[in-house]
Amino acid sequence: MRDTRGPSGRVSEITVVLCQLFGPGASCRPLGTGNARPGPLRPGTLLGVNGEPHAGETKVVLSGIQPTGAVHLGNYLGALRWWVDFQDRYDAFYCVVDLHALTVPGDPAELSQATFNMATLLMAAGLDPGRCTLFVQSHVHEHAELAWLLECTATMGELSRMTQFKDKSGKDGEESARLGLFAYPVLMAADILLYQADLVPVGDDQRQHLELTRDLAQRWNSRYGTTFKVPDAAIPPPGGGARIMDLQDPVHKMSKSAASGAGLISLFDDPKLIERKVKRAVTDLDPPGPGAVRWDPEAKPGVSNLLELLAALRGGRPAEIAAGYESYGRLKSDATDAVLEMVVPLQERYRALARDPAAIRSVLAQGAARAGEVAAKTMGAARSALGLLPR
């Protein structure tokens, strides 16, 4: 267990708060022990990209999240709850990627506050600084340094094929898009390769960027000698990865960038607003009765989305859950209850943690120190491989 004492040598107040919040009996254990975590996970072994269970030595997992935009239920069920699980099975590094947020215009004061809020939310969601390394990306300068070296390895052609750049620059045109938006997949590659990550949890929209990371690592290793581990995608076992769709547009994934917030459940939404959003979720025009509520993502995407939501939060399979319902009203009512059972305690944990901002900053400083040790070792090897003079 890592040392969770503050600079004064006493156990940090945030350690006490976390231990009090995570489950029965946790308050009498030091931070970093026990397995209390919010929300159920479907059983299964995390698989690598080749579909085989990972075994043997402790592997490294790395993931990051931008601080800007609303963190929503889809983020939690599709990613954050897995991050919580990973910290007991892997050497887990998690960062708030504030440098990535600079690819679009924003207010500096808002970015600073959003970064702090995101770190607090990650802890409220279950990330334990005694069981993972939690830090802010810009607090480890090697991220930007390695990104430049990798930019000198990447080509314009492969970056121009990144579909996210085309999508995000499409509104105002490529001419006005920031260079950082074009090059940020290389910064993402640096984030991963710095920590010699074995596994990287990625959604469908980031698969292309992980493939670029693998290509850059292999190209570098071939040209300059083996320096980086080539990472795999971390894929949940069958049925384990929830894909939550927009409640008003259930053919599209719930997203921070949605044109309307009506179909998005933010983890900071007021409980009454969450109730209204779920009860107004799109279903279809079938009359109530046997067979009206069924798992059919193609023909009934709205109903199927609510069933997926229930399955993710309470366990079970969507098709089997559907058999217990004949009306959309009761399905929506149960889905609302399931969401609130997860969100309300998370919000309470967030408020408790936010009352001690100095302790949050201390956690991030300790995380950056540990991440920096690992990053410096990789960066030294990369510099040496390229022939850069030692400092």
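Everything numeric here is computed off the predicted structure, so don't read it as measured data.

Caption draft 1: Region of interest: the layout of surface pockets. Volume-wise, the second largest pocket comes out at about 330 Å³. Of all the secondary structure elements, the ones that give two or more residues to the lining of the second largest pocket are helix H4 (142-151), helix H5 (156-160) and helix H7 (179-193). The dominant element in the lining of the second largest pocket, judged by the number of residues it contributes, is H7, at seven residues. A per-class count over the lining of the second largest pocket returns 13 nonpolar, four polar and one charged.

Caption draft 2: Just the pairing of strand S1 (residues 60-65), in detail. Burial of S1 is extensive: five of the six residues sit out of reach of the surface. In the sheet, S1 pairs with strand S2 (residues 91-96) via six bridges, with the strands oriented parallel. Bridge pairing in S2 places Ile65 opposite Val96. In this region the chain leaves S1, passes through helix H2 (residues 73-86) and returns to the parallel neighbour S2; the handedness of that crossover is right-handed.

Caption draft 3: Spatial organisation of unusual backbone geometry. The backbone of Gln196 shows a phi angle near 50°, a positive value even though the residue is not glycine. For Gln196, the position within the fold is in the loop between H7 and strand S4 (199-201).

Caption draft 4: Quick look at the confidence of the model for the chain. Averaged over every residue, the pLDDT of the chain is 84; the share at 70 or more is 79%. Low confidence marks residues 1-11, where pLDDT is under 50. Its contacts with residues over four positions away, or in another chain, come to 23 contacts. Across residues 23-54, where pLDDT falls below 50, the model places 86 contacts with residues more than four positions away in sequence or in other chains.

Caption draft 5: Representation of the environment of Asn305 within the structure. Inspection of the secondary structure assignment puts Asn305 in helix H10 (residues 301-314). Look at Asn305 and you get buried, because its relative accessible area is 4%. Taking C-alpha positions, Asn305 is 7.7 Å from Leu247, a pair spaced 58 residues apart along the chain. When near neighbours in sequence (up to four residues on either side) are disregarded, Asn305 contacts Arg243, Ile244, Met245, Asp246 and Leu247.

Caption draft 6: Representation of the packing of H10 against helix H12 (residues 328-354) in the model. Across the interface, H10 lies against H12 with an axial gap of 9 Å and an inter-helix angle of 40°. Relative to H12, the element H10 lies oblique. Every pair of crossing elements has a handedness; the one defined by H10 and H12 is left-handed. Residues Val303, Leu306, Leu307, Leu309, Leu310, Leu313 and Arg314 of H10 touch H12, and the partners they reach there are Tyr328, Leu331, Lys332, Asp334, Ala335, Asp337, Ala338, Val339, Glu341 and Met342. Residues of the contact of H10 with H12, tallied by class, amount to twelve nonpolar, no polar and five charged.

Caption draft 7: Local environment of the pattern of salt bridges. As enumerated under the stated definition, the model contains 13 salt bridges in all. One salt bridge connects Arg214 with Asp232, and the closest N-O pair in it is separated by 3.2 Å. In this pair, Arg214 is assigned in helix H8 (residues 207-224) and Asp232 in strand S5 (residues 232-234), connecting sequence segments 18 residues apart. For the salt bridge of Glu341 with Arg314, the shortest nitrogen-to-oxygen distance reads 2.8 Å. Note that Glu341 is positioned in helix H12 and Arg314 in helix H10, a separation of 27 residues in sequence. Bridged by salt links that share partners, the residues Asp88, Asp128 and Arg131 form one connected network.

Caption draft 8: Local environment of the side chain of Gln87. Relative to the helices and strands, Gln87 is located in the loop between H2 and S2. In this structure, Gln87 is in contact with Ala92, Tyr94, Gly126, Leu127, Asp128, Arg131 and Cys132, ignoring residues within four places of it in sequence.

Caption draft 9: How the structure looks around the environment of Arg131. The topology assignment puts Arg131 in the loop between helix H3 (108-124) and strand S3 (133-136). By relative accessible area, which is 9% here, Arg131 ends up buried. Considering only alpha carbons, one finds Arg131 and Val84, 47 residues apart in sequence, at a separation of 9.4 Å. Separated by 2.9 Å, the side chains of Arg131 and Asp88 make a polar contact.

Analysis parameters
- Residues numbered from 1 in each chain as written.
- Predicted model: local features only at pLDDT ≥ 70, side-chain atom pairs only at ≥ 80, totals over all residues.
- Heavy atoms only, no water.
- 1 Å grid on protein atoms, 1.4 Å probe; cavity = no way out; pocket = protein on both sides within 12 Å on 5 of 7 lines; lining within 4 Å.
- Points joined across faces, edges and corners; volume = space filled by probe spheres on them.
- Helix = DSSP H or I, 4+ residues; strand = E, 2+ residues; numbered from the N terminus.
- Nonpolar A, V, L, I, M, F, W, Y, C, P; charged D, E, K, R; others polar.
- Buried < 20%, exposed > 50% of the residue type's maximum accessible area, 1.4 Å probe, protein only.
- Pairing = 2+ DSSP bridges.
- Right-handed = clockwise from strand over helix to strand, strands pointing away.
- pLDDT = per-residue confidence, 0-100.
- Contact = heavy atoms within 4.5 Å.
- Axes fitted to C-alpha atoms, helices over the stretch in contact; angles between N-to-C directions.
- Parallel < 35°, antiparallel > 145°, perpendicular 65-115°, else oblique.
- Left-handed = near helix turned anticlockwise from the far one by under 90°.
- Salt bridge = Lys/Arg side-chain N within 4 Å of Asp/Glu carboxyl O.
- Polar contact = N/O pair within 3.5 Å; in protein donor to acceptor, adjacent residues only side chain to side chain.

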